[in-house]
Structure formats: C-alpha cells, structure tokens
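What the coordinates show
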Amino acid sequence: MNVLNKYGTPQDNSEAYHFVRESITPDMQLTTLYEGNGLFSKIIDTPAEEAVKKGFNLNLNNDEIDTFIEDKLDSLDWEDKAMTAIKWARLYGGAIIVMFIDDGRGLDEPVDWHNIQNIDELRVYERAVVQADETSLYTQEITDGSRGRHHFGEPEYYIVSSRFGMFRVHESRCLVFRNGSMPEQTVNSIYLFWGIPEYLRIKRALRETTTAHSDATKLLERSVQAIYSMKNLAQLLATDNGENQVLKRLEVIDMARGLLNSIAIDADGENYDFKTFQFSGVRDVIDAQCNMLSAITNIPQTILFGRSPAGMNATGQSDFENYYNFVERIQKQMLKRNLRYLLDVIFRAAKHVGDIDEEPEYKLEFNPLWSLSEAEQANVEQTKATTSQTKAQTAQIYVQMQALDPSEVRKKLAADEEFDIEDIIDDDDEDFQEVLQPQQPAEMPPQGGTPPQGVPQPNPQQAPPVQNTDADDDDEGQWITTENGHHVHLNVEGEPDKGNPEVVEKLKSGSTGSEPEAKIGRAFSRNAETDIVC
C-alpha cells in the first residue's frame, strides 16, 4: 500500500478491475461465425485436418489384415467422418458419430457383441442437435466387449434431434468426441457432458485481432487529410446563409477532385492543401494481437497468418514442435479411444463372417506428424543402417562364440525384421542351457574309419560342438572332436588310440607343436573343452 499515490487503497484505479465471465454464445451464433469469419473457421479446421492427415499404424506385421482394415475404413469414409467430428467438437464443444451396426438390434439397444455382422454407415452429429440423457447415467462400471471404455457417470443414451428426424441411440453405438472436459460445477450445464466451444476461450483475442487489422485499414484512409482555407470564413459562417454557402463550396471542390482529378480555387482568398500523418507503433500493436491469438489457439503464425518466421536465426521449428504436440493431444483425447473401439467392432464383425480367423492383438499408434526433409531423411536412414550393421556384427560374434545359433537369429529376423541380441538370449535361454548339457554320443566310428551314418559330419566353417568328459567317462575311454572336426578316441590314460590315423599319429608324435597327451589329459582332468588343433 502506498498512501501517497493511492496504490493498494480503495482509491486505487486498478482495484476497480474484476473478472466477469463472457456471456453464453448461442449455437446459431457459433454457426454464423464459422460460416462468415475466415480466420475463426481456420482456427477450427486446421488442427482437425492435421490430426487425421498422417494416418495410423496397428503394428501387426500382417499386410493382409492391414489391407483389409484400410479398405473397410475407406468404405466407411472414416477419415472425413473423424475430421468432421473433431471440427464440430471444437466448434460446439462436442459431437458424436453414430455407428449403424448390423447386429439384429435397434439403435436404442446395447450392441450385441456376439452377433455383429457388419457396420453399414457412420454419421456425424454436432452437440447442437444432440442431448445427453441425464436420467440414464451409469452408476457403476459395466463390462462389455470393448476395450478402454469407461461408463461410470456417463449417459447411457443420447437423443438426436436432426433435421432428418429425431431418435434415441445407445452409447455403445456412439463414438463420442469432447473438446476437453468440464468440472461438475460448471456454470453452463449444457457443456457438462461435453466440452467447451473453442470460441469461448478465444472470443476476446479473436475480436481484438480482427479489430486491429480493420482499424489499421481505416487509419490509411485518414493518413492524408485535405485542408481548405477560405478568406473571412468565420464572418461568412456568422451570416444566416453562410453555412450553406461553405458546404456548397466544399461539395463543388470534392466533386471536381473526384471527377476531373483537379481543383479550381480562387487565387485571392482560397487555399487547398493536404497534410500527411505519420503512424508509428501500429505494426507493433497488430503483431502483439496476432501473438496473443496464436498463443491461445496453439497454432503458429506461420500457419494461422501465413507469415515467415521472424527474428535472428528464426526457423519456426520450435513453433511447429509445440503445434504438433497440441495436435497429438487432440489425437489422444478424441481419436485414439474412438478409433480403437471402431476397430474392435470391425474385427468382431470380420471374425463372425469369416473374413479373418481370429481377432488380432494390435497396438494403435499414430504416424509422426513431422515430415522430414530429404537431408534429414538421409541422416535417419544412415543412422538406421549403422545400427543394423552393429547388431549384425554383434550377432556374428555371439554365433562364433556358440552363444547363439544362426537359426535363432534367422528366426528372429523373420518374425520382427529386426532383432536385439539380449532379447534373443532371454527368449532362448532355456534352449541354450539344453545345448550346454552333455549328450551321449551315438555309434562311434571304428578305428581308422569314417563316422557311421547318422553321426553329423564336421563342417570346416562351423565351430565344433562342446563335449564334456563326464558324458563319456568309462573304463573304455572316450571319443572327442577336435577343432577341425576330426573324431579321435582317447584311452583311459588320455592318449589317442583310435580315429583318423593321420590325426592320431600327429597327436602321438607331437607335430602340432604341443604336448598332446599331457594337453589332452589336462583338458579332461579339469573337465574343460579340448583345444587340440588338427
């Protein structure tokens, strides 16, 4: 409080300000504004069009089902219906899409999920012609065949009063679009089960922006002012007919200027001149109003007014990032749940008539809104290629270490078109442990002979299987496989005595550059893999 300048006292001018809510705008006025104000209609339409433009992905990795869904949604004209519903939700606060489902029941009955045959048509109705039946509110959650639909506190029926007729429809046959949510203590109960019209939020900013542009045009008309001077003008006006004479003279001068583009005045006593006014700060005022409207609508000026990004090093990227985040919120609030419900109905009908065998498990994701340039797309592709190369090299190392089998990597690639080494190991961990368990050899080849039929032949390019001495330890000795794939029999003393004669001779003579008997003995004594190279 400052007594000297009255700040904070009852005499302070700023204390007289208080907030007064905007008056309720009738639905007919909203319609008139949408039809006659191009800037307002652009605010309503642009986010709705952007929300459905890029489409979505179900992550099914099944081209047949993807094509089926695409054809079905095209036959229902889903993209246009969804875009229209979002527009009416932003204009009136809410809208519904009524699904005409062929399930043997009427519009005022719940959907029979066990008898859905087809969806014949989708129709959009704005909140202005739809009334929620407040006498049929759900008092508890119910379970039906849909996913992600919450019913508590929601109306069970909607009454549609269209120009084509009036009917009552059950909520299970409706896709409800709401422009946000309203508190229970809302002043206007009309918007309680819907949302608030966008115009109520931007009313003042839109009016001031429109006025600023129109007043700027009027200022241009007044920027040049004509000045007419007449000798003894004051004395002439004091006479009875002086005012009429002055006005008649001005009309003659203006008419001559307009028709002949010239002015004739008396050289003695008359003068006609123009004075130009300079307006400074008008552009700043207009820019400030445009910034306010852009901030409230979440639409950048580059889209709303067609302006280029302003400022040093301005690219407009941050503005578009905020705008796309706003559109993504619209997708989550209005589109995602409704589209998922529609897909569930389509899949249930397709399964019932035999178009598909089972209802697929899908994950609905909207495609990115941001479109990359050619240079940005090339960088992304290069990064993906580098990542894939690194994964392939890692997989090759694991295969060489015998931690993975090539068939496991091939199986993963066939399933997902990409793979992660850790996921493969986690998925096949039990199978990998079974591989490490000792296996009883089948029939061993005779001395100097080749392995009998049924025994896998060695592959020079494939690492030998791991063998554990505990698997074959007996009084007769055991068979082993060298790194080069040769089968060699060791007696109870750990000396090679059977197998390929040349290999046995090399092991006995020590031509491999090592101590074969001692080396083999140490390998089997510590129960480890043999590392003999022959």
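Residues numbered from 1 in each chain as written. Predicted model: local features only at pLDDT ≥ 70, side-chain atom pairs only at ≥ 80, totals over all residues. Heavy atoms only, no water.

Notes on the overall build of the protein chain
Regarding its fold elements, the protein chain presents 17 helices and 13 strands. A burial count over the protein chain gives 35% of its 534 residues as buried. Once local pairs closer than 6 in sequence are excluded, the contacts in the protein chain between residues at least 24 apart make up 61%. (Helix = DSSP H or I, 4+ residues; strand = E, 2+ residues; numbered from the N terminus. Buried < 20%, exposed > 50% of the residue type's maximum accessible area, 1.4 Å probe, protein only. Contact = heavy atoms within 4.5 Å.)

Comments concerning the pattern of salt bridges
Evaluated as defined, the whole model comprises 14 salt bridges. For the salt bridge of R90 with E198, the shortest nitrogen-to-oxygen distance reads 3.9 Å. One end of the pair, R90, is in helix α4 (residues 78-92); the other, E198, is in helix α5 (residues 198-221), and 108 residues separate them in sequence. Across the pair, E198 and R90 agree in class, each one buried. With its nearest N and O atoms 2.9 Å apart, the salt bridge here joins D103 to R173. With D103 in the loop between β2 (94-102) and β3 (118-126) and R173 in the loop between β6 (165-170) and β7 (174-178), the pair connects residues that are 70 residues apart, well separated along the chain. A residue is classified by how much of its surface remains accessible, and R173, at 1% relative accessible area, is buried. (Salt bridge = Lys/Arg side-chain N within 4 Å of Asp/Glu carboxyl O.)

So, unusual backbone geometry
Backbone geometry at D77 places phi at a positive 55°, although glycine is not the residue there. Within the element layout of this structure, D77 appears in the loop between α3 (63-75) and α4. Looking at D77, the relative accessible area reads 36%, which means it is partly exposed. For N298, which is not glycine, the phi dihedral falls at a positive 65°.

Some words on the packing of aromatic side chains
This structure, assessed with the given rule, holds 11 aromatic pairs. Judged by centre distance (5.7 Å) and plane angle (50°), the ring pair of Y158 and W194 falls under tilted. In this pair, Y158 sits in strand β5 (residues 157-162) while W194 sits in the loop between β7 and α5, placing the two residues 36 residues apart along the sequence. Clustering of aromatic rings is evident, with ring pairs tying together F320, Y323, Y324 and W370. R168 extends its terminal NZ or CZ atom over the ring of Y157, reaching a point 3.7 Å from the ring centre. (Phe/Tyr/Trp six-rings, centres within 6.5 Å; stacked < 30°, edge-to-face > 60°. Lys NZ or Arg CZ within 6 Å of the ring centre and 35° of its normal.)

Topic: the nonpolar core
Membership of the largest hydrophobic core comes to 63 residues, with the highest contact counts inside it found for F40, W78, I86, F177, L335 and L342. Per element, the largest residue contribution to this core is 16 residues, and it comes from helix α10 (residues 317-353). Sequence-distant contacts of F40, defined by excluding residues within four places in its chain, comprise L30, L33, Y34, L91, Y199, I202 and L206. Counting 12 residues, the second largest nonpolar core, distinct from the first, contains V98, Y125, Y158 and F193. (Core = buried A, V, L, I, M, F, W, Y, C linked by side-chain atoms within 4.5 Å.)

A short note on the packing of helix α1 (residues 27-36) against helix α2 (residues 38-53)
For the pair α1 and α2, the least separation of the axes is 6 Å and the interaxial angle reads 100°. It follows from the interaxial angle that α1 and α2 lie roughly perpendicular. Between α1 and α2, the contacting residues are L30, L33, Y34 and G36 on the first element and G38, F40, S41, I44 and D45 on the second. Of the residues contributing to the contact of α1 with α2, the split by class is five nonpolar, three polar and one charged. (Axes fitted to C-alpha atoms, helices over the stretch in contact; angles between N-to-C directions. Parallel < 35°, antiparallel > 145°, perpendicular 65-115°, else oblique. Nonpolar A, V, L, I, M, F, W, Y, C, P; charged D, E, K, R; others polar.)

Section: the confidence of the model for the protein chain
Mean pLDDT over the protein chain: 79, with 79% of residues reaching 70 or higher. Of the regions scoring below 50 in pLDDT, residues 460-475 engages in 28 contacts with residues more than four places distant in sequence or in other chains. Under a pLDDT of 50 for its full length, residues 511-534 has, in the predicted model, 42 contacts with residues more than four places off or in other chains. (pLDDT = per-residue confidence, 0-100.)

Some details on the sheet that holds strand β13 (residues 496-499)
Taking strand neighbours across the sheet as the criterion, the three strands line up as β11-β12-β13 in an open arrangement whose pairing is antiparallel. The two strands at the open ends of the sheet, each matched to only one other strand, are β11 (478-481) and β13. Between one strand axis and the next, the sheet turns through 35° on average, direction left out of account. Note: β11 against strand β12 (residues 487-490), four bridges, orientation antiparallel. The residue of β12 that forms the bridge with Q478 is L490. The strands touched by helix α16 (residues 501-509) are β12 and β13; relative to β13, the strand with the most contacts, the crossing angle is about 165°. (Pairing = 2+ DSSP bridges.)

Concerning a negative patch on the surface
A cluster of like negative charges, contributed by E70, D71, D74, D77, E79 and D80, occupies part of the molecular surface. When contributions to the negative patch are tallied by element, the ones reaching two or more residues are α3 and α4. Take the negative patch: its biggest share by element is three residues, from α3. Relative to the assigned elements, D71 resides in helix α3. Note on D71: relative accessible area 47%, which makes it partly exposed. (Patch = residues over 30% accessible without salt bridge, like charges linked within 9 Å, V, L, I, M, F, W, Y side chains within 5 Å. Areas by Shrake-Rupley, 256 points an atom, 1.4 Å probe, with all protein chains shown as cover. Lys, Arg positive; Asp, Glu negative; His and termini not counted. Charge placed at Lys NZ, Arg CZ, Asp CG, Glu CD.)

Notes on a nonpolar patch on the surface
There is a patch of nonpolar side chains on the surface, built from V224, I263, I265 and F274 and spanning about 300 Å² of accessible area. By the secondary structure assignment, F274 is in strand β9 (residues 270-276). By relative accessible area, which is 36% here, F274 ends up partly exposed.

Digging into helix α11 (residues 374-400)
Over its 27 residues, α11 extends 39 Å from the first C-alpha to the last, a length consistent with the 39 Å expected when each residue adds 1.5 Å. Phi for Q402, located one or two positions after α11, is positive at around 65°. (Expected span 1.5 Å × (residues − 1).)

Some words on α4
Residues lying three or four places apart along an α-helix face the same way, a consequence of the helix completing one turn every 3.6 residues. For α4, spanning 15 residues, the distance from its first C-alpha to its last is 21 Å, which sits close to the expected 21 Å at 1.5 Å a residue. Judged by how many residues are buried, α4 sits mostly within the fold: 11 of 15 residues are covered. By the burial criterion, the buried members of α4 are W78, A82, M83, T84, A85, I86, K87, A89, R90, L91 and Y92.

Considering the pairing of β6
In terms of strand pairing, β5 meets β6 through six bridges, oriented antiparallel. Within the sheet, the bridge partner assigned to I159 lies in β6 and is R168. Hairpin connection from β5 to β6: two residues lie between these consecutive antiparallel strands.

A short note on the side chain of S41
By the element assignment, S41 lies in helix α2. In this structure S41 comes out as buried when scored by relative accessible area, which is 15%.

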